[in-house]
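Listed here are the chains, written in short residue letters.
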Amino acid sequence: MEFERTIIITGGAGFIGSHVVRLFVNKYPEYKIINLDKLTYAGNLANLKDVEDKPNYQFVKADICDYESIKEIISTNNVTGIIHLAAESHVDRSIVDPFTFARTNVMGTLSLLQAAREFWEPKGWAGCRFYHISTDEVYGALELTKPEGDPDAKECGGGPFGDDFFTESTKYQPHSPYSAAKASSDHFVRAYHDTYGMPTLVTNCSNNYGPFQFPEKLIPLFINNIRHRRPLPVYGKGENVRDWLYVVDHARAIDLIFHEGKIGETYNIGGFNEWKNIDLIKVLIKTTDRLLGRPEGSDDDLITFVTDRKGHDMRYAIDSTKLKEELGWEPSLQFEEGIEKTVKWYLENQDWLDNVTSGDYMKYYEQMYK
Ligand code: NAD
Ligand code: TYD
């Protein structure tokens, strides 16, 4: 079968990557989509069962750090687009094992960039795009200047917990080994644009939630724990603020930016949806209990305050005005609707949760808490 072009999506077996692969495979039958993934503990091909038999989908098991293999895959498939999501992504793991984060996120990104350059540069970069998916965490942390929250803040142009936001020109100030490694990879991508003229794009997105997220991250971990009436480990006082976006809206933004974003640019992606952890956790308990038919308040006592994460960033808040004004993107889903869908999905997919938590993940936690 002849395809118009071939695109590699790295990390396509992970949480966000699987939503991007699904969207591209279904929306662009004229593109061949190669899901390139190493299948670490976080990668799971069960996330893509619904598209695995499509003629324009191919899975290739490979490590982005394996430069020779990546070069071979790019050239034999005549790849003209790379959407790069593969990464080690969990802050707590980065605190325990920073080397793995530097290897995958920094050296892996560099290996991909160089492999793409070797194939694309002699062709004058024609029709090529390297799109790097990054995080708002590279900007560091904002302060909590309104700890009680101000429900009317949006009307005054501010956020409920502080008036400042991360914009595309905020200076990089990463604090965790995860965000330091992501920041470094962002710099390499821009360096390839500025030095060699590679057609690159970088986006920095806020916290994602939705189906297929590995249950070490706050939302799926807590839904699963509530269901099984296990303690909910809230770091510190639960006062940290995160800006939450439904994963499908992130995938829609990636599609738009890949096709219409201006080469060499950076776009911030977020839904102006800040939540203090403890308030979000209360919504999760209420929603899960309601969907399980349990009386309201019956699981509130699962909340357990534990030692804070080292270097815990206080507040993230993304200003995505540029993306809205230049490309017309807006989130499609209200948070209440997104959370309802998400809790329902995890409750209906206990097999998926049991499957992904049965192996390495448990070993990691045994080691972390031994
Ligand atoms: P994830 O941990 O769920 O998935 C990562 C995927 O990358 C897995 O499938 C894993 O097998 C694969 N992978 C890891 N190392 C690899 C290697 N060396 N070679 C090939 N594949 C490898 O991550 P996610 O939450 O889906 O995040 C995807 C990307 O989006 C990351 O780059 C992350 O920094 C970024 N991001 C995530 C969020 C979020 O809230 N989850 C927010 C903003 C940006
Ligand atoms: P997480 O989902 O790990 O995302 P990130 O650290 O990238 O923002 O955590 C979201 C917030 O929830 C963060 O402030 C840390 C907090 N948290 C807990 O309080 N308990 C937990 O068990 C986890 C995993 C996170």
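First, a word on what this report is: a plain description of the structure on this page. (Residues numbered from 1 in each chain as written. Chains lettered and ligands numbered in written order. Predicted model: local features only at pLDDT ≥ 70, side-chain atom pairs only at ≥ 80, totals over all residues. Heavy atoms only, no water.)

### What to know about the sheet that holds strand β11 (residues 274-276)
Okay, step 1: Spatially, the three strands line up as an open sheet ordered β7-β9-β11, and their pairing is mixed. Looking along the sheet, the strands with just one partner apiece sit at the ends: β7 (207-209) and β11. The mean inter-strand angle of the sheet, taken between neighbouring strand axes irrespective of direction, is 50°.
Okay, step 2: The pairing of β7 with strand β9 (residues 241-246) spans three bridges and is classified as parallel. Bridge assignment links N207 to a residue of β9, and that residue is W244.
Okay, step 3: On the sheet, helix α7 (residues 247-260) packs against β7 and β9 and is oriented at approximately 70° with respect to β9. (Pairing = 2+ DSSP bridges. Helix = DSSP H or I, 4+ residues; strand = E, 2+ residues; numbered from the N terminus. Axes fitted to C-alpha atoms, helices over the stretch in contact; angles between N-to-C directions. Contact = heavy atoms within 4.5 Å.)

### Points about the site of ligand 1
Okay, step 1: Taken together, 28 residues sit near ligand 1, with I16, D37, S89, Y178 and K182 positioned nearest.
Okay, step 2: Residue D37 places a side-chain N or O atom 2.5 Å away from an oxygen atom belonging to ligand 1.
Okay, step 3: Within the side chain of S89, a nitrogen or oxygen atom sits 2.7 Å from an oxygen atom of ligand 1.
Okay, step 4: Of all the elements in the fold, those that place two or more residues in the shell around ligand 1 are α1 (15-27), β5 (129-135), α5 (177-196) and β7.
Okay, step 5: Ranked by the residues each element gives to the shell around ligand 1, the list is headed by β5, at three residues. (Near = heavy atom within 4 Å. Polar contact = N/O pair within 3.5 Å; in protein donor to acceptor, adjacent residues only side chain to side chain.)

### Points about the pattern of salt bridges
Okay, step 1: Scanning the model with the defined rule gives 21 salt bridges in all.
Okay, step 2: Between K71 and E68 there is a salt bridge; the shortest N-O distance is 4.0 Å. Taken as a pair, K71 and E68 lie in helix α2 (residues 67-76) at a separation of three residues, close to a single helical turn.
Okay, step 3: Classification of E68 by relative accessible area gives exposed; the value is 52%.
Okay, step 4: One salt bridge in this structure joins D249 and R252, with 2.4 Å as the shortest N-O distance. Of this pair, D249 and R252 both sit in helix α7, three residues apart, which is roughly one turn of the helix.
Okay, step 5: Overall, R252 belongs to the partly exposed group, its relative accessible area being 31%. (Salt bridge = Lys/Arg side-chain N within 4 Å of Asp/Glu carboxyl O. Buried < 20%, exposed > 50% of the residue type's maximum accessible area, 1.4 Å probe, protein only.)

### Notes on empty space enclosed by the protein
Okay, step 1: Throughout the structure, instances matching the rule amount to one cavity of 30 Å³ or more.
Okay, step 2: Approximately 40 Å³ is the volume attributed to the largest cavity.
Okay, step 3: Taken together, V91, E137, S176, R242, R309, K310, G311, H312, D313 and Y316 make up the full set of residues lining the largest cavity.
Okay, step 4: Considered class by class, the residues forming the lining of the largest cavity number two nonpolar, three polar and five charged. (1 Å grid on protein atoms, 1.4 Å probe; cavity = no way out; pocket = protein on both sides within 12 Å on 5 of 7 lines; lining within 4 Å. Points joined across faces, edges and corners; volume = space filled by probe spheres on them. Nonpolar A, V, L, I, M, F, W, Y, C, P; charged D, E, K, R; others polar.)

### Some thoughts on helix α10 (residues 335-348)
Okay, step 1: In this model α10 runs 20 Å from its N-terminal to its C-terminal C-alpha over 14 residues, within 8% of the 20 Å that 1.5 Å per residue would give.
Okay, step 2: Regarding α10, the residues found buried are F335, G338, I339, T342, V343, W345, Y346 and L347.
Okay, step 3: Residues of α10 that are buried in the fold lie against β7, α6 (218-227), β9, β11, α8 (277-291) and α11 (350-356). (Expected span 1.5 Å × (residues − 1).)

### Re the sheet that holds strand β1 (residues 5-10)
Okay, step 1: Spatially, β3-β2-β1-β4-β5-β6-β10 is the arrangement adopted by the seven strands of the open sheet, whose pairing is parallel. This sheet does not close on itself; its edge strands, each paired only once, are β3 (57-61) and β10 (266-269). When the angles between neighbouring strand axes are averaged without regard to direction, this sheet yields 20°.
Okay, step 2: Summarising the sheet, β1 and strand β4 (residues 79-84) pair through five bridges and their orientation is parallel. The residue of β4 that forms the bridge with T10 is H84.
Okay, step 3: Relative to the sheet, helix α4 (residues 98-120) contacts β1, β4 and β5, its axis offset from that of β4 by approximately 165°.

### Overview of the packing of aromatic side chains
Okay, step 1: All chains considered together, the criterion is met by 18 aromatic pairs.
Okay, step 2: Where F24 meets F258, the ring centres are 5.9 Å apart and the plane angle is 75°; that geometry is what we call edge-to-face. Taken together, the positions of F24 in helix α1 and F258 in helix α7 put the pair 234 residues apart, joining distant regions of the chain.
Okay, step 3: In this structure F24 comes out as buried when scored by relative accessible area, which is 0%.
Okay, step 4: Residue classification places F258 among the buried positions, given a relative accessible area of 2%.
Okay, step 5: On the basis of an interplanar angle of 70° and a centroid distance of 5.4 Å, the ring pair of W345 and W352 is categorised as edge-to-face. In this pair, the class of W345 matches that of W352, namely buried.
Okay, step 6: We note R117 situated over the ring of Y196; from NZ or CZ to the ring centre the distance is 3.6 Å.
Okay, step 7: Lying across the ring of Y316, R242 places its NZ or CZ 3.9 Å from the centre. (Phe/Tyr/Trp six-rings, centres within 6.5 Å; stacked < 30°, edge-to-face > 60°. Lys NZ or Arg CZ within 6 Å of the ring centre and 35° of its normal.)

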